[in-house]
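Spelled out, the chains give:
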Amino acid sequence: MSAASCLLTEDQFLCSICLDVFTDPVTTSCGHNFCKTCITQHWNVNVQSQCPNCKEVFNTRPELRVNTFISEMAAQFRQSAQQKASSSSSEQQAAKPGEVPCDVCTGTKLKALKSCLVCLVSYCETHLEPHLTTSVLKRHQLIDPVENLEGRMCTKHDKLLVLFCKTDRMCVCMLCTVLDHKAHDVVPLKEEYEGKKAELGKTEAEIQQMIQKRRLKIQEMKHSVELSEEDADREIADGVQVFTALKESVERSQAELISTIKEKQRKTEKQAEGFIKELEQEISELKKRSTEVEQLSRSEDHLHLLQSFRTLNTAPPTKNWTGVRVSPPHEGTVRRAVSQLEETLSKQMKKLLAEAELKRVQQSAVDVTLDPDTAYPNLILSDDGKQVKCGNKKKNLPNNPERFDSCTTVLAKQSFSSGRFYYEVQVKGKPKWTLGVVRESIKRKGFITLTPEDGYWRMGLRIKNEYFAFTDPTVLLSLKSRPQKVGVFVDYEEGLVSFYDVDAAALIYSFTGCCFTEKLFPFFSPCLNAAGDNSAPLIISPVNHTE
């Protein structure tokens, strides 16, 4: 028997219904073998008694008896498989907590390698072997080991959940589609799985994108904090500088006030000393005369008294001290000093704040060079792109879309669409010039109106040495000094364009409330040559940060 069993293949000991080794095998009249329980349950579900293999129909249900021969062969085969599993179990790992154990192992439960969705059993390496070698079992669907395989069975029909009802959004078995879910939109689990997996992939990509955006936002915020910290340090340094200068000014004024009061006190004391000395001298003379008068009044000599009376009766030379006063010289001194200090501090504070403001905007300095493709044909640009002046002769240049053909203008190569930027231009020796920024879409050909509404934010020097901000209408500017170098500052998000007199550290003019939606380009116009009177160039200068 043992030798015979070795000649048989594993397929011959497997029930075609449960796909496992026979348990109580029975043989139908058509010659096929099944587990007694499997064939009985199969016939209980189906109306006709039919062989699952050859489809032969039996008019009356056959009386089933256990085939003892096959039963013994199956028992030996099962024992042999168990011995084989036992011999190899020492080489395999026992299932640890949290791992799926093999459902077939009778002793130590080994770690399952796969779970079968047809058998609803998890197998270790040894017990999985029939599914890898037996042709019938190879058709079973194997997955990574999972627990609770019973949960993959339909609780109502005890059939494997192999379909998905899109109508009711639930997993169903084959019988469900005939009974409870008839006429519903039903698809195989794999099809729905692929669709949902694609959705999950898309969702995961969206989540990763959201995570990336938030990480970038965190970096942006951290960068903003760093910039804020740098700004705070600069503001503190500027504040300390301003208040130190003001403190020193107050201390100087205090010292000057004390010195002035003391000097006035010394003069008062010296004047009083002079008056006192003069009064003491007069007192001495008066005392002397008083003695002489007293002696004469006691004389009994009539002739002597009368002869001396005329001399004594003449008043000695004395000063009228009635209007003489030593009045306090300090009245109103503190008030005048404080008033003067207030005026001085106000001027100094404005100057210091202006210097601090210029120093702040200079932190946004950028490198700017002129773009020859935009230059009016009469303009002459330096090789390094840092200087421009107007010549008397028009050059033959390509009339490309970027070039201005009716005004003495050139733009920078660089453009800006966010943040802040600042640059400085020397205008020394020029009776006419214009500076500013423009948006990318400005008109460049023919007659042009150059106002903020048209995309131009400019200021400059015109006839009669008058400075203008070219708004609509134009604003005449009142400047205390003639700028030799002009700083141009733009805050894109704030909608701000400001012009500074760099040497005087003074604000010239600001366009506020601007709405920028395009790239901005620095704008330069040296104006016409005017027969050589305006031949000096505009020079883009390196920014020397104000100390």
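Please read these numbers as outputs of a predicted model, since none were measured by experiment.

**Things to note about the side chain of Thr 28**
Alright, step 1. Position of Thr 28 among the secondary structure elements: in the loop between strand E1 (25–27) and strand E2 (33–35).
Alright, step 2. If near-sequence neighbours (up to four positions away) are discounted, Thr 28 is found in contact with Phe 34, Trp 43 and Phe 58.

**So, the pattern of salt bridges**
Alright, step 1. Applying the stated rule across the entire model yields 16 salt bridges.
Alright, step 2. For Glu 192, the salt bridge identified is with Lys 196, shortest N-O distance 2.5 Å. Here Glu 192 and its partner Lys 196 are both found in helix H7 (residues 189–297), 4 residues apart, which amounts to about one turn of the helix.
Alright, step 3. Between Glu 220 and Lys 217 there is a salt bridge whose closest N-O contact spans 3.5 Å. Of the two residues, Glu 220 and Lys 217 both sit in helix H7, 3 residues apart, roughly one turn of that helix.
Alright, step 4. The exposure class of Lys 217 is partly exposed, given its relative accessible area of 42%.
Alright, step 5. When salt bridges with common partners are traced through the structure, they connect Lys 166, Arg 169, Glu 192 and Lys 196 into a single cluster.

**Focus: the packing of aromatic side chains**
Alright, step 1. Scanning the model with the defined rule gives 11 aromatic pairs in all.
Alright, step 2. Each ring, one from Tyr 456 and one from Phe 523, has its centre 5.9 Å from the other, and the planes form 90°; the classification is edge-to-face. One end of the pair, Tyr 456, is in strand E16 (residues 456–462); the other, Phe 523, is in strand E22 (residues 520–525), with 67 residues separating them in the sequence.
Alright, step 3. Note on Phe 523: relative accessible area 1%, which makes it buried.
Alright, step 4. Ring centres of Phe 499 and Phe 511 lie 6.3 Å apart, and the angle between their planes is 70°; on these two criteria the pair is classed as edge-to-face. Of this pair, Phe 499 sits in strand E20 (residues 496–501) while Phe 511 sits in strand E21 (residues 506–511), and the two are 12 residues apart along the sequence. Phe 511 carries the same exposure label as Phe 499, and that label is buried.
Alright, step 5. One aromatic cluster in this structure is built from Trp 457, Tyr 492 and Phe 516.
Alright, step 6. Of note, Lys 319 hangs over the ring of Trp 321, and the distance from its end group to the ring centre comes to 4.6 Å.
Alright, step 7. Positioned above the aromatic ring of Phe 470, the side-chain terminus of Arg 458 is 4.3 Å from the ring centre.

Conventions we followed
- Residues numbered from 1 in each chain as written.
- Predicted model: local features only at pLDDT ≥ 70, side-chain atom pairs only at ≥ 80, totals over all residues.
- Heavy atoms only, no water.
- Helix = DSSP H or I, 4+ residues; strand = E, 2+ residues; numbered from the N terminus.
- Contact = heavy atoms within 4.5 Å.
- Salt bridge = Lys/Arg side-chain N within 4 Å of Asp/Glu carboxyl O.
- Buried < 20%, exposed > 50% of the residue type's maximum accessible area, 1.4 Å probe, protein only.
- Phe/Tyr/Trp six-rings, centres within 6.5 Å; stacked < 30°, edge-to-face > 60°.
- Lys NZ or Arg CZ within 6 Å of the ring centre and 35° of its normal.

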